[in-house]
Amino acid sequence: MNWLLVVAGAMVGAPLRYLTDRFVQARHDSVFPWGTFTVNVVGCLVLGVLTGAVDEPTRLLLGTGLCGALTTYSTFSYETLRLAEDGARGYAVLNVAGSVVCGLGAAFAGVALGQALT
Amino acid sequence: MGTTGAAPPKTVTESGTRAPRRASAGQGPVVVAVSLGGGLGALARYAAGLLWPTAPAAFPWTTLLINAVGCALIGVLLVTIAELGTPHRLARPFLGTGVLGGFTTFSTYAVDVQRLVTHGRTAEGLACLVATPVLALASVWAAATAARRLFVLRRAR
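Model, not experiment: these values are computed from the prediction.

Caption draft 1: Looking closely at the overall build of chain A. When helices and strands are counted, chain A shows five helices and zero strands. In sequence order, the secondary structure elements of chain A are arranged as α-α-α-α-α. In terms of principal-axis extent, the alpha carbons of chain A reach across some 45 × 30 × 20 Å. Out of the 118 residues in chain A, the part that is buried amounts to 53%.

Below, the structure is given as structure tokens:
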């Protein structure tokens, strides 16, 4: 029944990403995809906290399911492609570098936080 | 406007401020489509992880390939939706935001890199850190370009 936990988590994570993106994108006027950036960094932080800090069923529900579906690589790369094609190459580079650096930083911070809590 | 969903274009009032968005008008079916698609995409990702498991200190090939394939597919999908003119309004939320968004993952990528570095595999961690976005961007670019050319060829016939 492990797959049910993954599906249940993802069925919450994916719409949470959609609604967060709408919420964030309605609140700024730049072409930078802050919505996707936000969900990806938050998802990295939460998955980091969960790593090693929770049991297997919780990890499948909240990690593989929720965080996996909350974060996205496909939208991230498509938005980067659109920025590059629309002449905003600086933003495209900034999106990749910023997402990778902040995502990785959030993952390390999350793991440290998870270890401090357990 | 973000490209993750079927959000309406921003409306700007005469004073230059944004008009209040219509409160969740017609958002129910979109949210449900994203949720169902996300569940399916994550299930496919989980199944791929069971078929090709990654040992704790090993290079995460499965996640890398999942993300590359998902990026190629979204390139084809969004070009196709743009070319179709009047696609079903739930096509992009279900297939793009839902299935492919749920299939690909940024959080596992970041925590995989963290795991490699923590296990003393710094070189592999750095390789994963750089190779994933390079491969993902190459995939989405190549797939979107190929799809656009196919549509141009089809129209030229």
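Next comes the rest of the write-up.
Caption draft 2: Seen up close, the overall build of chain B. Summing up its helical and strand segments, chain B has five helices and zero strands in all. Ordered by position from the N terminus, the helices and strands of chain B form the series α-α-α-α-α. For chain B, the residues scored as buried account for 43% of the 157 residues in total. Taking all contacts inside chain B whose residues are at least 6 apart in sequence as the whole, residues at least 24 apart take part in 74%. By element, 69% of the accessible surface of chain B is carried by carbon and sulfur atoms, the whole surface being about 8,100 Å².

Caption draft 3: How the structure looks around the packing of helix 2 (residues 61-84) of chain B against helix 5 (residues 122-156) of chain B. Residues and elements named next belong to chain B. Their axes nearest at 8 Å, the elements helix 2 and helix 5 cross at an angle of 30°. Of the possible angle classes, the one that applies to helix 2 and helix 5 is roughly parallel. In this structure, helix 2 meets helix 5 at a crossing whose hand is right-handed. On helix 5, the residues touching Leu-64, Asn-67, Ala-68, Cys-71, Ala-72, Ile-74, Gly-75, Val-76, Val-79, Thr-80 and Glu-83 of helix 2 are Ala-131, Thr-132, Leu-135, Ala-136, Ser-139, Val-140, Ala-143, Ala-144, Ala-147, Arg-148, Phe-151 and Arg-155. Among the residues forming the contact of helix 2 with helix 5, the class breakdown is 15 nonpolar, five polar and three charged.

Caption draft 4: The arrangement of the environment of Ala72(B) in detail. Checked against the element boundaries, Ala72(B) lands in helix 2. Sequence separation between Ala72(B) and Gly26(B) is 46 residues; the distance between their C-alpha atoms is 30 Å.

Caption draft 5: Broad picture of the interface of chain A and chain B. On the chain B side, the residues contacting the 51 residues of chain A number 54 residues. A combined buried area of about 4,400 Å² lies between chain A and chain B, and 68% of that area is made up of carbon and sulfur atoms. A salt bridge links Glu85(A) to Arg148(B); the shortest N-O distance between them is 3.1 Å. At the surface where chain A touches chain B, the tally comes to 13 residue pairs in polar contact (both at pLDDT 80 or more). The element contributing the most residues to the side of chain A that touches chain B is helix 1 (residues 2-25) of chain A, with 14 residues. Split into classes, the residues belonging to the side of chain A that touches chain B amount to 25 nonpolar, 19 polar and seven charged.

Thresholds applied
Residues numbered from 1 in each chain as written. Chains lettered and ligands numbered in written order. Predicted model: local features only at pLDDT ≥ 70, side-chain atom pairs only at ≥ 80, totals over all residues. Heavy atoms only, no water. Helix = DSSP H or I, 4+ residues; strand = E, 2+ residues; numbered from the N terminus. Buried < 20%, exposed > 50% of the residue type's maximum accessible area, 1.4 Å probe, protein only. Contact = heavy atoms within 4.5 Å. Areas by Shrake-Rupley, 256 points an atom, 1.4 Å probe, with all protein chains shown as cover. Axes fitted to C-alpha atoms, helices over the stretch in contact; angles between N-to-C directions. Parallel < 35°, antiparallel > 145°, perpendicular 65-115°, else oblique. Left-handed = near helix turned anticlockwise from the far one by under 90°. Nonpolar A, V, L, I, M, F, W, Y, C, P; charged D, E, K, R; others polar. Buried area = accessible area lost by both parts, 1.4 Å probe. Salt bridge = Lys/Arg side-chain N within 4 Å of Asp/Glu carboxyl O. Polar contact = N/O pair within 3.5 Å; in protein donor to acceptor, adjacent residues only side chain to side chain.

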